[in-house]
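What follows is the residue order along each chain.
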Amino acid sequence: MTEVLIAAIITIITAATPLIYAALGEMVTEKSGVLNLGVEGMMLMGAVCGFTAVHLSGSATLGILTAALAGTGMALVFAVLVLGFQATQVATGLALTIFGVGLSALIGQDLVGVAYDGLPRLAIPLLSEIPVIGPILFNHDILVYGSFALVFLVSWFLGRTRAGLVLRAVGDSHDAAHAIGYPVIRIRYLAILFGGAMSGVAGACLSLAYSPLWIENMSAGRGWIALALVVFATWRPWRVFVGAYLFGGITILQLHAQALGAGVPAQVMSMLPYAATIVVLVLISRDRNKIRLNSPACIGKPFHPTS
Amino acid sequence: MTATQNIRKSALLEIEGMCKSFPGVLANDRISLSLRSGEIHALLGENGAGKSTLVKMIYGILKPDAGRMLWKGKAAGIDRPVDARQLGIAMVFQHFSLFESMSVFENILLGLERDADPVALRKDIVDISVRYGLPLDPDRHVYTLSVGERQRIEIIRCLLQKPDLLVMDEPTSVLTPQEVDRLFETLRRLCGEGVGILYISHKLDEIKALCEHATILRNGKVVASVDVAEETTQSLASKMMGKEFRTAEQSSGQEKGPVRLGIHGLDHPARDQFGISLRNVELEVHGGEIVGIAGVAGNGQGELLRVLNGEETGIPAEAIMLDGTACAHLGPNPRRALGLASVPEERLGHAAIPSLSLVENALLTTCQRLGLLKFGFINRGKCSAFSEQVVSDFNVKCSHVNAEAGSLSGGNLQKFVVGREISQSPAVMIVSQPTWGVDAGAAQTVRSALRGLANQGAAILVLSQDLDELMEISDRIAAICAGALSPALPVAETSVEQIGLMMAGLDPRQDTEAA
């Protein structure tokens with residue numbers, strides 16, 4: 001029984017990890033005042049490019065880096081369009097997703113059916129020997145450890161560093177930030193590129209760890225879930241973390257429940273992770289004052305520098 | 001005052017022959033002025049006289065075409081605001097550069113050139129706020145603060161740089177009388193310590209109260225440089241405007257007409273928690289009368305205006321009566337048909353659509369009363385003629401009536417919007433901030449037009465934060481505080497202090513009885 005439970009928890013962690021990357025990346029982008037709806041497209045590009053790199057080189061590190069680069073490249077297209085040419089963020093983001101779905105399918109044409117063992121597990125000496133806790137916490141691939149570190153990093157960066165303060169300021173009022181003398185456009189470029197890189201890594205989590213293979217459209221709407229997580233978590237890193245695990249957890253549990261033959265239609269069970277995540281996050285973030293404090297006021301608004 | 005007179009050093013800032021031209025306009029024509037340490041120097045002029053251009057050049061935002069600046073006797077090249085700050089010049093802008101969802105502390109930190117030690121900075125903020133009488137809690141969030149408190153953040157940001165010269169661009173336009181007094185105390189203390197202050201304003205009594213010396217600009221030129229003590233507000237005004245200055249005629253004291261606008265027991269819950277709920281508002285405005293509503297921004301003025309002009313409905317129909325017709329359930333267009341006109345505070349986006357031409361903007365609110373539509377088609381000739389009329393009557397400076405509304409300067413657009421409503425001779429007119437950002441001459445035009453409209457029998461309700469203006473044009477005055485409206489008192493029997501109390505939600509009559 002314990003072994004089943006441990007196995008379940010480990011799959012939950014693997015299911016939540018891509019969401020953490022994608023959502024935290026998007027959160028940083030949104031905190032700078034830019035709404036990038038292209039997460040799904042950037043994830044798919046990350047997934048396919050990462051998988052291709054591993055397939056060709058055999059190096060997992062190279063695969064993850066390639067995935068991050070692919071996401072960054074997609075984000076760069078978006079950034080040039082919305083910051084350079086002042087295109088509408090919503091439409092451009094949607095276009096980026098559609099573009100990413102198509103392009104990744106094209107690139108991955110010959111990869112369908114290719115097998116990969118998945119990322120190597122890095123067991124931490126001694127700690128991973130602890131019964132129960134060891135295998136749950138200290139025997140994962142590098143991406144899982146990275147996701148833990150990322151939550152701390154993003155939380156520290158936004159809350160404790162001057163650069164993070166400036167980033168939030170740009171998202172709160174780009175006109176005031178410009179008037180004081182901060183380079184609004186440059187800061188937003190960096191935030192968008194970071195979001196792209198993290199979406200790319202999220203794609204790598206899917207194609208190299210969660211289900212190590214490539215199939216068309218394998219992100220299956222996780223990019224949109226990541227976007228929703230950011231909003232429902234009211235732009236706070238730790239709530240993103242909780243939301244991602246909630247979603248991952250219910251996804252896995254309902255699969256187990258279906259396997260055990262629960263008397264509920266499969267469609268209802270598949271719906272559960274989405275519904276539960278939204279309900280829980282809405283409940284914990286009802287406080288409108290908190291929303292006002294944490295939501296970037298300038299989100300989605302184009303910035304026209306004057307004078 | 002004695003402290004300021006003791007410090008008679010050589011000039012801190014000298015400007016010689018500054019010129020700046022924009023396409024088609026010579027904004028500054030050989031301007032010279034000189035300012036000593038410890039002096040409060042007024043820069044006085046109407047809108048478009050070139051005040052803002054001049055201070056932008058001093059602060060390094062604009063580059064002068066010709067002329068030179070001497071800072072403490074040495075030639076100074078100020079190409080960017082950073083250069084100005086390094087020399088010791090600080091500026092408080094008319095529009096604040098603040099971040100609403102951040103704390104006071106974070107806002108101040110963001111205004112500094114580089115990262116500061118948080119503990120030391122917090123101490124500095126507290127020190128400065130105590131020393132200069134600028135009470136401010138570093139942990140409050142900006143969106144919870146009043147405009148006066150927000151201005152204090154900007155001032156503290158400046159003072160942290162320990163400036164030698166403080167430039168203030170129309171700092172009192174949004175403050176209550178009490179807040180103005182407080183600001184003046186701070187400024188006097190600063191100049192007592194040897195800081196020079198360049199004070200830009202077109203409010204003459206403030207300049208009389210605060211400044212020693214005034215440089216008066218008109219059409220980009222210096223027309224006079226005077227000792228304020230030797231001038232009267234009247235003489236300052238005529239120098240500033242180049243013509244005799246007349247105040248608007250008070251009401252002719254004629255009999256009050258019938259009640260044209262009645263508001264009875266109006267309750268309206270706030271839309272969200274940052275809005276204000278209107279509570280049991282009672283007011284009657286008679287024909288031929290101007291009633292002013294004073295109040296600090298954000299006390300329900302916006303909500304009251306939206307409820308009155310029909311943007312928000314869902315209240316019992318009888319709560320608002322227009323010429324005896326219950327209309328609280330009607331939307332804006334039916335109310336316009338009944339004779340209501342309104343000018344909201346926000347010019348772009350609320351009163352006018354920036355990307356449409358003046359003609360089209362005129363059409364939007366006047367087509368019903370003036371019959372500018374025929375079977376749903378626009379009568380363009382009539383529309384243009386009406387717009388031309390407004391432009392010439394209210395002296396709106398624009399390239400053409402087909403120019404985009406967004407291309408006009410704020411003051412000119414305000415004149416157009418107010419003129420558009422007045423010119424359709426409404427039965428009831430509601431105006432928010434009628435002369436906001438409009439220069440003294442044009443403000444007179446607007447006020448006279450309002451008075452003229454009242455004399456024709458219209459009922460006029462004016463919401464403004466400018467008390468002097470309200471005192472000047474209103475017959476009766478009320479104050480709004482946290483969504484509750486005080487009874488309207490006749491202006492002739494009310495003092496500014498009493499209105500200040502009313503704006504704070506107190507009843508001045510009870511207060512005087514108690515005392």
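Here the structure is shown first, and the text comes after it.
The structure presented is a predicted model; accordingly, all values stated were derived computationally and were not measured.

Peer 1: Would you mind going over the overall build of chain B with me for this structure?
Peer 2: Regarding its fold elements, chain B presents 18 helices and 23 strands. C-alpha atoms of chain B, sized along the principal axes, occupy 70 × 55 × 45 Å. Residues classed as buried in chain B amount to 55% of the 515 residues present. Sequence-distant contacts, at least 24 apart, represent 67% of the contacts inside chain B between residues at least 6 apart. Surface summary for chain B: the accessible area is close to 21,500 Å², and the carbon and sulfur share equals 51%.

Peer 1: It is not clear to me how helix 10 (residues 301–309) of chain B should be interpreted in this structure. Could you clarify?
Peer 2: Every α-helix carries 3.6 residues per turn, so stepping three or four residues along brings you back to the same face. All names here are of chain B. The element helix 10 is largely enclosed, with a buried count of eight among its nine residues. Of the positions making up helix 10, those classed as buried are Gln301, Glu303, Leu304, Leu305, Arg306, Val307, Leu308 and Asn309. Immediately downstream of helix 10, the backbone of Gly310 shows phi near 95 degrees, a positive value.

Peer 1: Sorry, what's going on with unusual backbone geometry here?
Peer 2: Residues apart from glycine generally show negative phi values, whereas peptide bonds are mostly found in trans. All names here are of chain A. The backbone of Gln86 shows a phi angle near 60 degrees, a positive value even though the residue is not glycine. Assignment of secondary structure puts Gln86 in the loop between helix 3 (60–84) and helix 4 (89–107). Phi angles above zero are rare outside glycine, and Asn217 is one such case at about 55 degrees. Its place among the elements puts Asn217 in the loop between helix 9 (184–210) and helix 10 (222–232).

Peer 1: Please explain the sheet that holds strand 6 (residues 89–92) of chain B as it appears in this structure.
Peer 2: Hydrogen bonds along the backbone pair up the strands of a sheet, which may run parallel or antiparallel. All names here are of chain B. Sheet architecture is open: six strands sit in the order 6-7-8-3-9-10, paired in mixed fashion. Edge positions in the sheet fall to strand 6 and strand 10 (221–227), since each has one partner strand and no second. Averaged over all neighbouring strand pairs, the angle between strand axes comes to 20 degrees, with direction disregarded. Pairing of strand 6 with strand 7 (residues 165–169), which is carried by four bridges, proceeds in the parallel orientation. Note that in strand 7 the partner of Ala90 across the bridge is Leu166. Its contacts with the sheet put helix 6 (residues 147–159) on strand 6 and strand 7, and the angle it makes with strand 6 is roughly 175 degrees.

Peer 1: Would you mind showing me how to read the sheet that holds strand 1 (residues 11–22) of chain B here?
Peer 2: Residue and element names in this part refer to chain B. Here four strands make up an open sheet; going across it, the order is 2-1-4-5 and the pairing antiparallel. Each edge of the open sheet carries a strand with a single partner, namely strand 2 (25–36) and strand 5 (74–75). Relative to strand 5, strand 4 (residues 66–71) runs antiparallel, the two sharing two bridges. Across the sheet, residue Trp71 finds its bridge partner in strand 5, namely Lys74. In the packing of helix 2 (residues 51–58) onto the sheet, the strands contacted are strand 1, strand 2 and strand 4, and the crossing angle to strand 1 comes to about 120 degrees.

What counts and what doesn't
Residues numbered from 1 in each chain as written. Chains lettered and ligands numbered in written order. Predicted model: local features only at pLDDT ≥ 70, side-chain atom pairs only at ≥ 80, totals over all residues. Heavy atoms only, no water. Helix = DSSP H or I, 4+ residues; strand = E, 2+ residues; numbered from the N terminus. Buried < 20%, exposed > 50% of the residue type's maximum accessible area, 1.4 Å probe, protein only. Contact = heavy atoms within 4.5 Å. Areas by Shrake-Rupley, 256 points an atom, 1.4 Å probe, with all protein chains shown as cover. Pairing = 2+ DSSP bridges. Axes fitted to C-alpha atoms, helices over the stretch in contact; angles between N-to-C directions.

Such coordinate-based values are descriptive only and should not be taken to indicate function.
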